[in-house]
Amino acid sequence: TQLLEQSPQFLSIQEGENLTVYCNSSSVFSSLQWYRQEPGEGPVLLVTVVTGGEVKKLKRLTFQFGDARKDSSLHITAAQPGDTGLYLCAGLLNFSGTYKYIFGTGTRLKVLA
Amino acid sequence: NAGVTQTPKFQVLKTGQSMTLQCAQDMNHNSMYWYRQDPGMGLRLIYYSASEGTTDKGEVPNGYNVSRLNKREFSLRLESAAPSQTSVYFCASSVFRTATNEKLFFGSGTQLSVL
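In this text the structure is predicted, and so the values were computed from the model without any measurement.

Draft legend 1. Geometry of the overall build of chain B. A count of helical and extended segments in chain B gives 0 helices and 11 strands. The helix and strand sequence of chain B, counted from the amino end, reads β-β-β-β-β-β-β-β-β-β-β. Its C-alpha atoms give chain B a radius of gyration of 13 Å, near enough to 13 Å, the size a compact globule of 115 residues would have. Judged by the C-alpha coordinates and their principal axes, chain B covers about 40 × 25 × 25 Å. Burial statistics for chain B: of 115 residues in total, 47% are counted as buried. Considering only intrachain contacts with a sequence separation of at least 6, the fraction spanning at least 24 residues in chain B is 56%. Of the side chains in chain B, 11 bear a positive and 8 a negative charge, and the two mean positions are spaced by 4 Å.

Written out as structure tokens, the structure reads:
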């Protein structure tokens, strides 16, 4: 059972367009992270959100954690070719006192020049 | 800084062969992890080591074994490879396993094909 669903799965847009990626679950997370992964490399952490309703900005990227801490979104303004990559969300769940990161299915973004 | 180093980068095995994936980190992290990444499935945790001397099963441990050799090194062994183990394998490390604001550092992955 996949606990974290991401949408869309694939996204191809023109440079300068805006986009939003969603990460949804029925589970409540202690925190949620967003990673970006480039071909042939491991994921690299972009941001961690901890509080319900929290919004964080990283240059043109805006991350929001849902009020109930079950979902999150990543919004990119004026996308650039350098934003191309696989975006992964990861939620931290408490399984009977043991914390585990659950990764989403990923959104593959391609920004065309 | 090297960060998390994985070897080999690529490997092709025949069904039934065995091999060990090596991972080392130079950040003095306590916790280390092995994930596999398959298309449409995200990253799934195979095994983890919360601290030196301990290992625990993750979501998909069947067919794998691990060894936390010391604080720096965490290896993953496939005793009898199967085609279902064809995947990209990532090693990761973090300071502590239980912190809510913990950051995972990943290696660059091992692409494994089992024929």
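Resuming the write-up.
Draft legend 2. Expanded view of the environment of Ala68(A). Residue and element names in this part refer to chain A. Mapped onto the elements, Ala-68 comes out in the loop between β7 (61-65) and β8 (71-76). By relative accessible area, which is 45% here, Ala-68 ends up partly exposed. Ala-68 sits 43 residues away from Val-111 along the chain, and the two C-alpha atoms are 32 Å apart.

Draft legend 3. Up close: the interface of chain B and chain A. If you look at the interface, chain B gives 21 residues, while chain A gives 24 residues. Taken together, both faces of the contact between chain B and chain A bury some 1,800 Å²; the carbon and sulfur share is 55%. Seen at the junction of chain B and chain A, the total is 0 salt bridges. If you list the elements that add at least two residues to the side of chain B that touches chain A, you get β4 (31-38) and β5 (42-49) of chain B. If you tally residues by element for the side of chain B that touches chain A, the top one is β5(B), at 3 residues. Per-class residue counts for the side of chain B that touches chain A are 8 nonpolar, 8 polar and 5 charged.

Draft legend 4. Seen up close, the packing of aromatic side chains. Residue and element names in this part refer to chain A. Within the structure shown, the criterion is met by 9 aromatic pairs over all chains. Measuring from centroid to centroid gives 5.7 Å for Tyr-35 and Phe-103, while their planes differ by 45°, and the two rings are tilted. Here Tyr-35 is found in strand β4 (residues 31-37), whereas its partner Phe-103 is found in strand β10 (residues 98-103), with 68 residues between them in sequence. The residues Tyr-35 and Phe-103 share a single accessibility class, namely buried.

Draft legend 5. Fine view of the state of the cysteines. All names here are of chain A. Tallying each qualifying case throughout the model produces 2 disulfides over all chains. A sulfur-sulfur separation of 2.0 Å characterises the disulfide bridge that pairs Cys-23 with Cys-89. As the torsion about the S-S bond is roughly 80°, the Cys-23-Cys-89 disulfide counts as right-handed. One end of the pair, Cys-23, is in strand β3 (residues 19-24); the other, Cys-89, is in strand β9 (residues 85-95), and 66 residues separate them in sequence.

Draft legend 6. Here's a closer look at the pattern of salt bridges. Residues and elements named next belong to chain B. Counted under the stated rule, the structure contains 5 salt bridges over all chains. The salt bridge partner of Arg-77 is Glu-79, with a shortest N-O separation of 3.2 Å. Judged by relative accessible area, which is 44%, Glu-79 ranks as partly exposed. Salt bridges here are not isolated pairs; linked through shared partners, they connect Arg-36, Asp-38 and Arg-44.

Here is what the cut-offs are and how they apply
Residues numbered from 1 in each chain as written. Chains lettered and ligands numbered in written order. Predicted model: local features only at pLDDT ≥ 70, side-chain atom pairs only at ≥ 80, totals over all residues. Heavy atoms only, no water. Helix = DSSP H or I, 4+ residues; strand = E, 2+ residues; numbered from the N terminus. Rg over C-alpha atoms; globule rule 2.2 N^0.38 Å. Buried < 20%, exposed > 50% of the residue type's maximum accessible area, 1.4 Å probe, protein only. Contact = heavy atoms within 4.5 Å. Lys, Arg positive; Asp, Glu negative; His and termini not counted. Charge placed at Lys NZ, Arg CZ, Asp CG, Glu CD. Buried area = accessible area lost by both parts, 1.4 Å probe. Salt bridge = Lys/Arg side-chain N within 4 Å of Asp/Glu carboxyl O. Nonpolar A, V, L, I, M, F, W, Y, C, P; charged D, E, K, R; others polar. Phe/Tyr/Trp six-rings, centres within 6.5 Å; stacked < 30°, edge-to-face > 60°. Disulfide = S-S within 2.5 Å.

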